[in-house]
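What follows is the residue order along each chain.
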Amino acid sequence: MMRTPDAAGLRRIRFARPLLPPLDRVVAIYQEAYAAGRLTDGALVARFEAAAAERLQVRHAIAVSSGTAGLMLVLRALDLSGEVILPSFTFFATGHAVLWNGLTPVLADCDARTWNISPRDVEAKLTERTCAILGVHVYGNPADIEGLTRIAVKHELKLIFDAAHALGAHYRHAPIGRFGDAEVFSLSPTKLLVAGEGGLITTDSGTLAKRLRAARNHGNEGDYDPRVLGLNARMSEFHAALALAGLEDLEDRRARQSHVAALYKARLGAMSGITFPDVHPSDRATFSNASLLLEEQAFGLGRDRMVAGLRSRDIETRQYFSPPLHKQILFRHAGGNGSHHLPETDRIAAGVISMPCHQSLTDEDVDGVAAAFGEVKAAHDPGRRST
Ligand SMILES: *Cc1c(COP(=O)(O)O)cnc(C)c1O
């Protein structure tokens, strides 16, 4: 029998909860590095990079200390100057990496159906100062890579993907990781593969890979006279051990998480005023977040009241990515005259709810959350309210 969300003793439904590999598996991998006295950027990091490159079918994988550091270093190593076009509908770290490099962020709108950066709006935002496009695979749903690549090639721009959510995603049946000039994954605790903290840059370019290996180590290529401005963005051996241990059952976790996301769509997708982002039939999304769009007019209840109703039933949600970048202090005046016209981003950000979606949730949990969703709506239904 389905548990009712109001029943006493129902466990709190947390928004995120990483399924970590057994500690003894991590320790068994780490032991070797520890015994050898090599604690950072050693054999385990190299092993993790090789395993990741093979899985993602890309020539080079460079492990770094975080996804954000990876994005910062890629933009630096590509020697960019001028404007970078990125979506407003993303996590702010995407934009921070642009600002850290002294580049000018120009925010583009998203596609109404996929919620990913719109190639048409990217084209509209091109100027003679544009040097790069920084796309994002939002919730691990591949962006329109073909459309963006066409623009990048035509205008000789660099193309980088923030693939923080997308480890295990496929674009037209090929793993995300080899597209554009480089892709950058995050291995922080809310992502599908967890290194504690960490990031991974992938690229087919040997020249870029070499610069990035130097850049993550203060820019030092070995002659103590750095030519690329670097950082200490090395990955430690312990973090690599954790990532290697997690890699073993990544596929199971991804499948489980996709199942949870699909259940939400099956349970809630038919309600009037509720939509989910489209995934291309030849693509595979990771559903790092199971986000839905609640449109108040059609649904009959506002997003914030739904969120509050779920919270009162001990169900945690988030609003990724609301407010979008163009409503945040650091970006409000970014990119030209400061007047942003991003209607799709505004529409989606106004109604987005990211539902609890992780590998520890049972089908029963998801059914309970979906039932609670229906109850919150029913409780506010004007037709049912006594006057
Ligand atoms: C998590 C995330 C990042 C940052 O990754 P860290 O490893 O936490 O630095 C960047 N972009 C997006 C879209 C993210 O979700």
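Counting starts from 1 at the beginning of each chain's written sequence and moves along it residue by residue. Totals for whole chains, interfaces and linings use all residues, but because this is a predicted model, local features are given only for residues with pLDDT of at least 70 and pairs of side-chain atoms are given and counted only at 80 or more. To get the side-chain values, all heavy atoms of the structure are used, and hydrogens and water are removed first.

1. As for the environment of glutamate 296
For the record, the criterion: Here a strand is any run of E in DSSP of at least two residues, a helix any run of H or I of at least four, and the numbering for each starts at the N terminus. A contact between two residues is defined here by any heavy atoms of the two lying within 4.5 Å.
For glutamate 296, the position within the fold is in helix α10 (residues 296–299). Along the backbone, glutamate 296 and alanine 350 are 54 residues apart, and their C-alpha atoms lie at a distance of 9.2 Å. Discounting residues that sit within four places of it in the chain, glutamate 296 has contacts with Leu301 and Gly302.

2. Some words on the site of the ligand
As a reminder of what qualifies: A molecule or strand has a residue near it when one of that residue's heavy atoms lies within 4 Å. Two N or O atoms form a polar contact when they lie within 3.5 Å of each other; inside protein one atom must be a possible hydrogen donor and the other a possible acceptor, and for residues adjacent in sequence the pair counts only when both atoms belong to side chains. Residue burial considers only the protein chains on display, and all accessible areas are found by Shrake-Rupley using a 1.4 Å probe. Amino acid classes used here: Ala, Val, Leu, Ile, Met, Phe, Trp, Tyr, Cys and Pro are nonpolar; Asp, Glu, Lys and Arg are charged; the rest, including Gly, are polar.
Around the ligand, the structure places 14 residues, and the nearest of them are Thr68, Asp162, His165, Ser186 and Lys191. Contact distances for the ligand include 2.6 Å between an oxygen atom and a side-chain N or O atom of threonine 68. Contact between the ligand and lysine 191: an oxygen atom at 3.3 Å from a side-chain N or O atom of the residue. Bound to the protein, the ligand loses 90% of the 380 Å² it would expose on its own. When residues of the shell around the ligand are traced back to their parent elements, those giving at least two are α3 (67–77) and α4 (92–100). Grouping the amino acids of the shell around the ligand by side-chain chemistry returns 3 nonpolar, 9 polar and 2 charged.

3. Brief notes about the packing of helix α9 (residues 250–268) against helix α13 (residues 363–380)
Our working definition: As a rule, the C-alpha atoms of each element are fitted with a line to give its axis, helices using only the stretch in contact, and angles between N-to-C directions run from 0 to 180 degrees. Orientation categories follow fixed angle ranges, with anything under 35 degrees roughly parallel, anything over 145 roughly antiparallel, 65 to 115 roughly perpendicular, and all other angles oblique. Each crossing is labelled by how the near helix is turned from the far one, with a counterclockwise turn of less than a right angle marking it left-handed and a clockwise turn marking it right-handed.
At a minimum axis separation of 10 Å, α9 and α13 run at an interaxial angle of 30°. One element, α9, and the other, α13, form an angle in the roughly parallel class. Viewed along their axes, α9 and α13 form a crossing whose handedness is right-handed. Here Arg256, His259, Val260, Leu263, Tyr264, Arg267 and Leu268 of α9 lie close against α13, whose contacting residues are Asp363, Val366, Asp367, Val369, Ala370 and Phe373. Partitioned by chemical class, the residues of the contact of α9 with α13 number 8 nonpolar, 1 polar and 4 charged.

4. Looking at the state of the cysteines
For clarity, the cut-off: The disulfide definition used here is simple: a pair of cysteine sulfur atoms within 2.5 Å.
For the structure shown, the criterion picks out 0 disulfides. Unpaired in this structure, cysteine 110 has its nearest cysteine sulfur neighbour in cysteine 357, at a distance of 20 Å.

5. Description of the environment of arginine 113
By the element assignment, arginine 113 lies in the loop between β3 (104–108) and α5 (119–124). With 166 residues separating them along the chain, arginine 113 and valine 279 place their C-alpha atoms 8.7 Å apart.

6. Here we look at the packing of aromatic side chains
Using the following cut-off: For this analysis, a ring pair means two rings from Phe, Tyr or Trp (six-membered ring only for Trp) whose centres lie within 6.5 Å, classed as stacked if their planes differ by under 30 degrees, edge-to-face if by over 60, and tilted for the remaining angles. Here the term buried applies to any residue with accessible area under 20% of the maximum for its type, exposed to any over 50%, and partly exposed to those in between, with areas from a 1.4 Å probe on protein chains only. By the criterion adopted, a ring carries a charge over it if an Arg CZ or a Lys NZ lies within 6 Å of its centre and within 35 degrees of its normal.
Using the criterion set out here, one finds 12 aromatic pairs in the structure. Consider the rings of phenylalanine 89 and tryptophan 115, whose centres lie 6.2 Å apart with planes at 85°: the pair is edge-to-face. Remark: tryptophan 115 occurs in the loop between β3 and α5 and phenylalanine 89 occurs in the loop between β2 (83–87) and α4; sequence separation between them is 26 residues. Neither phenylalanine 89 nor tryptophan 115 differs from the other in exposure class; each is buried. Ring geometry for phenylalanine 299 and phenylalanine 373: centres 5.8 Å apart, planes at 65°, overall edge-to-face. Within this pair, whereas phenylalanine 299 is found in helix α10, its partner phenylalanine 373 is found in helix α13, the two being separated by 74 residues in sequence. Taken as a pair, phenylalanine 299 and phenylalanine 373 share a single burial class, namely buried. A network of ring pairs unites the aromatic residues Phe15, Phe89, Trp115, Tyr139, Tyr320 and Phe321 as a single cluster. Geometry around phenylalanine 299 places lysine 377 over its ring, the cationic atom sitting 4.7 Å from the centre.

7. Focus: the packing of α3 against helix α7 (residues 206–215)
It is at 10 Å that the axes of α3 and α7 come closest, and there the two elements cross at 125°. Comparing the axis directions of α3 and α7 gives the class oblique. Every pair of crossing elements has a handedness; the one defined by α3 and α7 is right-handed. Of the residues in α7, those in contact with Leu73, Val74 and Ala77 of α3 are Leu208, Arg211, Leu212 and Ala215.

8. Concerning the nonpolar core
Using the following cut-off: Residues belong to one nonpolar core when they are buried, are Ala, Val, Leu, Ile, Met, Phe, Trp, Tyr or Cys, and are joined through side-chain atoms within 4.5 Å.
With 50 residues, the main nonpolar core has Phe48 and Ile176 as its most contacted residues. Going through the elements one at a time, α1 (23–36), α2 (43–56), β1 (60–64), β3, α6 (145–154), β5 (158–162) and α8 (237–247) are the ones with two or more residues in this core. No other element matches the 7 residues that α8 contributes to this core. Not counting chain neighbours up to four residues away, the residues in contact with phenylalanine 48 comprise Ala63, Leu187, Leu193, Leu200, Met235, Ala240, Ala243, Leu244 and Leu247.

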